[in-house]
Amino acid sequence: MAARQDTTVIRIKQPDHNTRRTLLCLGFCGGGTGPYHAWSEHVPEDVALSAICYPGREGRFLEPCASDWEELAADTTSAVLSAVDGPYVLFGHSMGGWMAFDVASRIESSGGPLPEALVVSSCNAPDRGLTPRDMFPARQDSDAQLLDWMLSNGLMPAHVLEDPDLQDMAVELMREDIRVRDTFGYRPGTAVSVPVQMLSATDDDVIEKDAGDQWSRVALGPYRHDVLPGGHFYTPDIWRELPVHITALTASMAPAPA
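I will try to describe carefully the structure that is included in this document.

Looking now at the pairing of strand β6 (residues 196–201). Regular strands show a simple pattern: their side chains alternate between the two faces of the sheet. A large share of β6 lies buried, amounting to six of its six residues. Burial along β6 is two-sided: Val196, Met198 and Ser200 and Gln197, Leu199 and Ala201, pointing in opposite directions, are all buried. Strand direction decides the pairing type here: strand β5 (residues 117–121) and β6, joined by four bridges, are parallel. From the neighbouring strand, valine 120 faces β6, where its bridge partner is methionine 198. As judged from the six bridges shared by β6 and strand β7 (residues 223–228), these two strands associate in the parallel manner. Paired with valine 196 across the strands is tyrosine 223, a residue of β7.

Ranked by internal contacts, the top residues of the largest apolar core, which has 79 residues, are Leu23, Val80, Leu90, Leu118 and Trp215. No other element matches the eight residues that helix α2 (residues 95–110) contributes to this core. Not counting the four nearest positions on each side in its chain, leucine 90 is found in contact with Leu24, Leu26, Val80, Ala100, Val103, Ala104, Pro115, Ala117, Leu118 and Val119.

Between helix α3 (residues 143–152) and helix α5 (residues 164–181), whose axes approach to 10 Å, the crossing angle comes to 95°. Classified by the angle between their axes, α3 and α5 sit roughly perpendicular to one another. Two secondary-structure elements touch here, α3 through Asp143, Leu146, Leu147, Trp149 and Met150 and α5 through Gln167, Ala170, Val171, Met174, Arg175 and Ile178. Across the contact of α3 with α5, the residue classes break down as eight nonpolar, one polar and two charged.

Here helix α1 (residues 69–83) crosses α2 at 65°, and the two axes come no closer than 9 Å. The angle between α1 and α2 places the two elements in the roughly perpendicular class. α1 and α2 meet at a crossing whose hand is right-handed. When α1 is examined against α2, the residues Trp69, Glu70, Leu72, Ala73, Ala74, Thr76, Thr77, Val80 and Leu81 are found in contact with a partner set consisting of Met95, Trp98, Met99, Asp102, Val103, Arg106 and Ile107. Residues belonging to the contact of α1 with α2 are distributed by class as follows: 11 nonpolar, two polar and three charged.

Two side chains that carry opposite charge are able to pair once their charged atoms sit near each other. Summed over the entire model, instances satisfying the criterion amount to 17 salt bridges. One salt bridge connects glutamate 116 with arginine 21, and the closest N-O pair in it is separated by 2.4 Å. You can see glutamate 116 sitting in the loop between α2 and β5 and its partner arginine 21 sitting in strand β2 (residues 21–26), a full 95 residues away along the chain. Using a relative accessible area of 12% as the deciding quantity, one classes arginine 21 as buried. Of the charged contacts, one joins arginine 128 and aspartate 134 as a salt bridge, the two residues approaching to 3.1 Å between their closest N and O atoms. Overall, aspartate 134 belongs to the buried group, its relative accessible area being 9%.

Parameters at a glance
- Residues numbered from 1 in each chain as written.
- Predicted model: local features only at pLDDT ≥ 70, side-chain atom pairs only at ≥ 80, totals over all residues.
- Heavy atoms only, no water.
- Buried < 20%, exposed > 50% of the residue type's maximum accessible area, 1.4 Å probe, protein only.
- Helix = DSSP H or I, 4+ residues; strand = E, 2+ residues; numbered from the N terminus.
- Pairing = 2+ DSSP bridges.
- Core = buried A, V, L, I, M, F, W, Y, C linked by side-chain atoms within 4.5 Å.
- Contact = heavy atoms within 4.5 Å.
- Axes fitted to C-alpha atoms, helices over the stretch in contact; angles between N-to-C directions.
- Parallel < 35°, antiparallel > 145°, perpendicular 65-115°, else oblique.
- Nonpolar A, V, L, I, M, F, W, Y, C, P; charged D, E, K, R; others polar.
- Left-handed = near helix turned anticlockwise from the far one by under 90°.
- Salt bridge = Lys/Arg side-chain N within 4 Å of Asp/Glu carboxyl O.

See the structure below:
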């Protein structure tokens, strides 16, 4: 299929020759497509890299932000399907992990083109439902608290750090995403049959210790859990090179110890 529009499907890297598969990334709470651009240096030469831009930001800034989870999931599912023109791996981090799971399950139930693998990163299993532990940052946090969280987790690009107006916009987008995240609801019985890889960090206070076991409940096919150093966004070096830890890009989805 052709891309829906350049402002929705951001094609970060296209191989010079034949593309074996595409790594298709979904945004996390408060994030856009920018954090994935550095990954272009760390995917295999024959793997394309794309990211989905949610409404209300970047090239879609004139569009209203999604009002709730269902609206954003429907928009994202449509965007993913518009981007698919061959084998692909679907990736989501934090809130994006739940979104990637939801999108994959919707595509599976509709008989659409399934990803070769689903990779979820730094997120508890969706079948637990939304808990206070998942609602972090929280909607009651002040602007200063949200800004501090984004600064401490490396979510603020240099050009945003230097511009107070852009910082205000970043905080507002974070609030919009928090509002959507807080309307998430697990659809009972939802699972996926595609191979699933779950990535988590050693020092992530948001993720429960048994999150790796949790995800195995909604993964009906091959499943593996890999633990990496750092906090919610790993270490800066690990995040920058995260594609090298995505098994579906480099090897088979053989089970690994949780």
